[in-house]
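# Observations on chain architecture
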Amino acid sequence: MSKIISGKEVSAQVREQVRKECEELKAKGVDPGLAVIIVGDDPASRVYVNNKKKACADVGFVSEEYALPAETTQEELLALIDTLNSKPSVNGILCQLPLPEHLDEKAVINAISPLKDVDAFHPSNVGRIMIGDYHFLPCTPAGVMELIHSAGIEVSGKSCVVIGRSNIVGKPMAMLLLHENGTVTICHSRTKNLTEICREADILVAAVGRPKFVTGDMVKEGAAVLDVGINRDENGKLCGDVDFESVEPKAGFITPVPGGVGPMTIAMLMKNTLKAAKLQNGMD
Ligand code: NAD
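Residues numbered from 1 in each chain as written. Predicted model: local features only at pLDDT ≥ 70, side-chain atom pairs only at ≥ 80, totals over all residues. Heavy atoms only, no water.

Our next topic: the overall build of the protein. A tally of regular secondary structure across the protein gives 10 helices and 10 strands. Here the C-alpha radius of gyration of the protein, 19 Å, is about what a compact globule of 284 residues would show, namely 19 Å. Projected onto its principal axes, the C-alpha positions of the protein cover 50 × 40 × 35 Å. Split into buried and exposed, the 284 residues of the protein put 47% on the buried side. Sequence-distant contacts, at least 24 apart, represent 69% of the contacts inside the protein between residues at least 6 apart. For the protein, the accessible surface area stands at approximately 13,300 Å², while carbon and sulfur atoms represent 52% of it. Distance between charge centres in the protein, computed from 30 positive and 37 negative side chains, equals 2 Å. (Helix = DSSP H or I, 4+ residues; strand = E, 2+ residues; numbered from the N terminus. Rg over C-alpha atoms; globule rule 2.2 N^0.38 Å. Buried < 20%, exposed > 50% of the residue type's maximum accessible area, 1.4 Å probe, protein only. Contact = heavy atoms within 4.5 Å. Areas by Shrake-Rupley, 256 points an atom, 1.4 Å probe, with all protein chains shown as cover. Lys, Arg positive; Asp, Glu negative; His and termini not counted. Charge placed at Lys NZ, Arg CZ, Asp CG, Glu CD.)

As structure tokens, this is what we get:
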């Protein structure tokens, strides 16, 4: 078993499985479809949306892009979501965040039908995750869990530390580890003794958004270290929240950046879209 967990390899396996199931659905007359909304011209959002469209084509889904100008009003955006909510050929709706400042992100998330909410950001889906009775899991934390499983890492009874408490990564990540009986600590910007807490972790997930934040001295010998961060270092090179160079020699398992959690996020989005198509056609 390799110590480096390859998100490239595991995501390819997830996508292959989705591709296979998509063919089976098509044979039954169901053609899964994802609608992607992008407002404005943020270059990073454009890259993410393009990657999502490519992934759809790769697994056999229909994708529709709704590229709206930056000055789109709240009413116009909500009206589009309303239309997509009742459009049968659209199984999943994704509104690329962040939105321009004049738009109310919460209201937009709330407007997407929970059954089409393939990002799993709607409060109803968040609540379902809390009680362990869910349709969809948020893509990034679900991708991390898939990597943990693929490496054969047992979560039950382990000390798990999540650095970061965002609604889209840190909090749901902690909940998924808890569902698998990990003993979970959530650390954040006000945490005291961060290094000491991290050093106790058997499983350490970094979702901080700071380049190379987790260093070798913060990691227990043999720990599994999962790096969610996508940052640029001082030379403009892509890097994670983990200082790979100093952590890799100590870790039992580690995910690289790029090629770790990143590709998993999109693979899990495909999985959620497939699930949405099944749910809406009474097949799940
Ligand atoms: P965020 O900014 O919403 O949250 C960052 C969290 O880190 C906060 O909860 C904050 O309390 C914590 N934090 C900040 N400084 C800290 C410190 N000094 N000590 C301890 N905790 C600290 O970010 P996010 O949306 O959760 O994303 C985190 C990272 O993951 C970013 O690099 C983002 O680009 C990346 N990300 C990657 C994917 C992917 O697909 N791989 C998806 C989403 C986010």
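Moving on, there is more to tell.
Attention now goes to helix α2 (residues 43-59). Residue pairs three or four apart in sequence face the same way in an α-helix, which turns once every 3.6 residues. Taking 1.5 Å as the rise per residue, α2 with 17 residues should run 24 Å; its terminal C-alpha atoms sit 25 Å apart, in good agreement. In the core, the buried residues of α2 are packed alongside α1 (7-27), β1 (33-39), β2 (62-68), β3 (92-95) and α10 (261-280). G60 sits one or two positions beyond α2 and adopts a positive phi of about 100 degrees. (Expected span 1.5 Å × (residues − 1).)

All right, on to helix α6 (residues 139-150) then. For α6, which comprises 12 residues, the first-to-last C-alpha distance of 16 Å matches the rise-based estimate of 16 Å (1.5 Å per residue) to within 8%. Of all 12 residues in α6, nine are buried; the element is thus mostly enclosed. For α6, the full list of buried residues reads C139, T140, P141, A142, G143, V144, M145, L147 and I148. Those residues of α6 that are buried lie in contact with α1, α7 (170-179), β6 (203-206), β7 (224-227) and α10. At the C-terminal side of α6, G152 shows a positive phi close to 70 degrees.

Glancing now at the nonpolar core. I148, L177, I203, V205 and M270 are the most contacted members of the largest nonpolar core, which totals 55 residues. Examining the composition of this core, we find that 10 residues originate from one element, α10, more than from any other. Looking at this core, you find at least three residues from each of domain 1 (29-113) and domain 2 (139-262). Leaving out residues up to four positions away in the same chain, V205 has contacts with V144, V161, V162, I163, M173, L177, L226 and V228. Counting residues in hydrophobic clusters, the runner-up holds 17 residues, among them L194, A206, M218 and V225. (Core = buried A, V, L, I, M, F, W, Y, C linked by side-chain atoms within 4.5 Å. Domains from an automatic or database assignment.)

Interface size is often expressed as the accessible area that is lost when the parts come together. Each assigned domain of the protein is listed with its residue range as follows: domain 1 (29-113) and domain 2 (139-262). For domain 1 versus domain 2, the distance between C-alpha centres works out to 29 Å.

In spatial order, the strands read β5-β4-β6-β7-β10; together these five strands make up an open sheet with parallel pairing. The sheet is open, and its two borders are formed by β5 (183-187) and β10 (253-254), each paired with just one other strand. Where strand β4 (residues 159-163) meets β6, four bridges bridge the pair, whose relative direction is parallel. Bridge pairing in β6 places C160 opposite I203. (Pairing = 2+ DSSP bridges.)

This paragraph deals with the site of the ligand. Within the structure, the ligand sits among 22 residues, and R165, S166, H188, V228 and T265 are positioned closest to it. The contact in question runs from a nitrogen atom of the ligand to an N or O atom on the backbone of H188, over 3.4 Å. The contact in question runs from an oxygen atom of the ligand to an N or O atom on the backbone of S189, over 3.1 Å. For the ligand, whose accessible area on its own is 860 Å², the fraction buried by protein is 73%. Top element by residues in the shell around the ligand is α10. It accounts for three residues. Partitioned by chemical class, the residues of the shell around the ligand number 10 nonpolar, 10 polar and two charged. (Near = heavy atom within 4 Å. Polar contact = N/O pair within 3.5 Å; in protein donor to acceptor, adjacent residues only side chain to side chain. Nonpolar A, V, L, I, M, F, W, Y, C, P; charged D, E, K, R; others polar.)

Reading across from one edge, β2-β1-β3 is the order of the three strands in this open sheet, with parallel pairing throughout. Edge positions in the sheet fall to β2 and β3, since each of these pairs with one other strand and no more. Adjacent strand axes in the sheet meet at a mean angle of 15 degrees when their direction is disregarded. By the bridge criterion, four bridges tie β1 to β3 in an arrangement that is parallel. Looking at β3, one finds that L34 is bridged to G92. In the packing of α2 onto the sheet, the strands contacted are β1, β2 and β3, and the crossing angle to β2 comes to about 160 degrees. Along the sheet, helix α3 (residues 74-85) contacts β1, β2 and β3; its crossing angle with β1, the most-contacted strand, is approximately 180 degrees. (Axes fitted to C-alpha atoms, helices over the stretch in contact; angles between N-to-C directions.)

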